[in-house]
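Below are the chains, spelled out letter by letter.
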Amino acid sequence: MLVNSTVIAGKGAETATGRSAEEVEQIRTVLRTRYEDLNAEYEDAVAENQKLRLVEIGDAAGDDQADSGSKTAERDAATSLLRTLLDRRMQAELALQRLEDGTYGYCDGCANPIPVARLEVFPSATTCVSCKSNRERRAG
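Report on the accompanying structure. (Residues numbered from 1 in each chain as written. Predicted model: local features only at pLDDT ≥ 70, side-chain atom pairs only at ≥ 80, totals over all residues. Heavy atoms only, no water.)

**Observations concerning the overall build of the protein**
Now for step 1: Along the backbone of the protein there are four helices and zero strands.
Now for step 2: From first element to last, N terminus to C terminus, the protein shows the α and β order α-α-α-α.
Now for step 3: By the burial criterion, 29% of the 140 residues in the protein qualify as buried.
Now for step 4: Taken as a whole, the protein presents about 8700 Å² of accessible surface, with 52% of it coming from carbon and sulfur. (Helix = DSSP H or I, 4+ residues; strand = E, 2+ residues; numbered from the N terminus. Buried < 20%, exposed > 50% of the residue type's maximum accessible area, 1.4 Å probe, protein only. Areas by Shrake-Rupley, 256 points an atom, 1.4 Å probe, with all protein chains shown as cover.)

If you want it as structure tokens, here you go:
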């Protein structure tokens, strides 16, 4: 997957000490595969959600409160899954854009390189661990 201690990609990557053209292409492949996997998962979830809605519409006669509550919970869970998948797909798409722009692998907060270990675990990361922790503390 991702290697080296610095992530430099996009315009000017060849002149900087960091990523070679092959490594940038490897990252692009990882991100593209991630995007395509998330897109397929999203499309499957949309189809499943549509089936759930059709069953719900056609099978509502004679429902008691428990049946209605169960269907509402299922619908809420399906909607939550769709939002999560859409968000993750957008993160992968933005990571690909950052790679093209030459900003992939640099923290949005402090502009320092994001550690490769973090990018290996979360390729769409836009912040280093320190900035992420600071944001979570402020939010929470």
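Picking up where we left off.
**A word on the side chain of R89**
Now for step 1: Position of R89 relative to the elements: it lies in helix α2 (residues 65–101).
Now for step 2: For the buried R89, no salt bridge exists, and the shortest N-O distance to an oppositely charged side chain is 4.0 Å, to E43.
Now for step 3: Setting aside anything within four residues of it in sequence, one finds R89 in contact with Y35, L38, N39, Y42 and E43. (Lys, Arg positive; Asp, Glu negative; His and termini not counted. Salt bridge = Lys/Arg side-chain N within 4 Å of Asp/Glu carboxyl O. Contact = heavy atoms within 4.5 Å.)

**A look at the state of the cysteines**
Now for step 1: Tallying each qualifying case throughout the model produces zero disulfides.
Now for step 2: Free of any disulfide, C107 has its nearest neighbouring cysteine sulfur in C131, separated by 3.5 Å.
Now for step 3: Free cysteine: C110, not disulfide-bonded; nearest cysteine sulfur from C107 at 3.7 Å.
Now for step 4: Residue classification places C110 among the partly exposed positions, given a relative accessible area of 32%. (Disulfide = S-S within 2.5 Å.)

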